[in-house]
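So you can see what is in the structure, the chains are spelled out below.
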Amino acid sequence: MTTYNIAIDGPAGAGKSTIARRVAKELGFIYVDTGAMYRAMALYFLREGISRDNEKAIEAACSRIDISIRYHQGAQQVLLNGEDVSGLIRTEEVSRMTSAVSVYAPVRQKLLELQRQLARTENVIMDGRDIGTCVLPRAQTKIYLTAGSHVRALRRFKELEEKGQMCNLEEIEHDIIERDYRDMHRDIAPLKRAEDAVLIDSSNMTIDQVVDAIMETARTQGLKDDR
Ligand code: DC
């Protein structure tokens, strides 16, 4: 069977995972959150006390890490050496570490084949930074989802506030801008819009509008509803 692959790339906080989860549900696709895989690796380095600048130690540690994913009631769980770490990888500390260590080739190499393998065997909607450009260059539908940094910071601020966590809007925006810069300017697989990706700026769009725009794009690009 030829699988249908949808790639969604874009900067932090553009709404990729919320949107991708919704589209996956509508289409009966598997949602693959590649950021969660990078985050699980970053968690390992943090636990081991490895500095983000110590490339040698990070490279050596990669051989001790096994990342896999499984699905529980439709939700992706990410396993770090067999432990479900899904609930531990969303902190600001892990976000910063992840962006810093995802510049290293051994870290990226570790996850690339796993991501490609999933897309070969399942209809997937996969989100990340390099999906359309590097992981799945032949994805049938590619989306570059973005929004202004202030809008993205505000969304994150509200999310944290709802969880009852203290936070500072300026700090969040500063963190987002710093992460974007690093993700866009690294040597290997930087975040950029693939030439054939459809650009969606969600700054003034609702979640429903973005979901509809992606489904419409996929249909015009050959996705059949009876898959
Ligand atoms: O999507 P996210 O915020 O969970 O991603 C966290 C970090 O992981 C992001 O700052 C860069 C890195 N990442 C990456 O380099 N490549 C991907 N395909 C996904 C994430």
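One structure accompanies this document, and this report is about it.

The rules behind these values
- Residues numbered from 1 in each chain as written.
- Predicted model: local features only at pLDDT ≥ 70, side-chain atom pairs only at ≥ 80, totals over all residues.
- Heavy atoms only, no water.
- Pairing = 2+ DSSP bridges.
- Helix = DSSP H or I, 4+ residues; strand = E, 2+ residues; numbered from the N terminus.
- Axes fitted to C-alpha atoms, helices over the stretch in contact; angles between N-to-C directions.
- Near = heavy atom within 4 Å.
- Polar contact = N/O pair within 3.5 Å; in protein donor to acceptor, adjacent residues only side chain to side chain.
- Nonpolar A, V, L, I, M, F, W, Y, C, P; charged D, E, K, R; others polar.
- Buried < 20%, exposed > 50% of the residue type's maximum accessible area, 1.4 Å probe, protein only.
- Contact = heavy atoms within 4.5 Å.
- Phe/Tyr/Trp six-rings, centres within 6.5 Å; stacked < 30°, edge-to-face > 60°.

## Some thoughts on the sheet that holds strand 7 (residues 141–146)
Part 1 of the reasoning: Strand order across the open sheet formed by 5 strands is 2-6-1-7-8, with parallel pairing between neighbours. Because the sheet does not close on itself, it has two edges, and the strands there are strand 2 (30–33) and strand 8 (198–201). Between one strand axis and the next, the sheet turns through 20 degrees on average, direction left out of account.
Part 2 of the reasoning: Sheet topology places strand 1 (residues 5–9) next to strand 6 (residues 124–128); 5 bridges connect them, and they run parallel.

## Topic: the site of the ligand
Part 1 of the reasoning: Near the ligand, the surroundings consist of 16 residues, among which Arg39, Arg108, Asp130, Asp183 and Arg186 are the closest.
Part 2 of the reasoning: Within the contact set of the ligand, a nitrogen atom lies 3.0 Å away from a side-chain nitrogen or oxygen of Thr34.
Part 3 of the reasoning: At 2.9 Å from an oxygen atom of the ligand is found a side-chain nitrogen or oxygen belonging to Arg129.
Part 4 of the reasoning: Looking at the shell around the ligand, the elements with two or more residues in it are helix 2 (34–47), helix 4 (92–101) and helix 8 (169–185).
Part 5 of the reasoning: Of the residues in the shell around the ligand, the class split is 2 nonpolar, 6 polar and 8 charged.

## What to know about helix 4
Part 1 of the reasoning: Burial analysis of helix 4 places 7 of its 10 residues in the buried class, the great majority of the element.
Part 2 of the reasoning: Those residues of helix 4 that fall on the buried side of the exposure criterion are Val94, Ser95, Met97, Thr98, Ser99, Ala100 and Val101.
Part 3 of the reasoning: Where helix 4 is buried, its residues touch helix 2, helix 3 (55–62), helix 5 (105–121) and helix 8.

## Points about the packing of aromatic side chains
Part 1 of the reasoning: All chains considered together, the criterion is met by 2 aromatic pairs.
Part 2 of the reasoning: Relative to Phe29, the ring of Tyr4 lies with its centre 6.3 Å away and its plane at 55 degrees, an arrangement referred to as tilted. Of the two residues, Tyr4 sits in the segment before strand 1 while Phe29 sits in the loop between helix 1 (16–27) and strand 2, which places them 25 residues apart along the sequence. Of the two residues, Tyr4 and Phe29, neither departs from the other in class, the shared state being buried.
Part 3 of the reasoning: Here the aromatic rings of Tyr44 and Phe45 are separated by 6.3 Å at their centres, their planes lie at 85 degrees, and the arrangement is edge-to-face. No difference in accessibility class separates Tyr44 from Phe45, as the two residues are buried.

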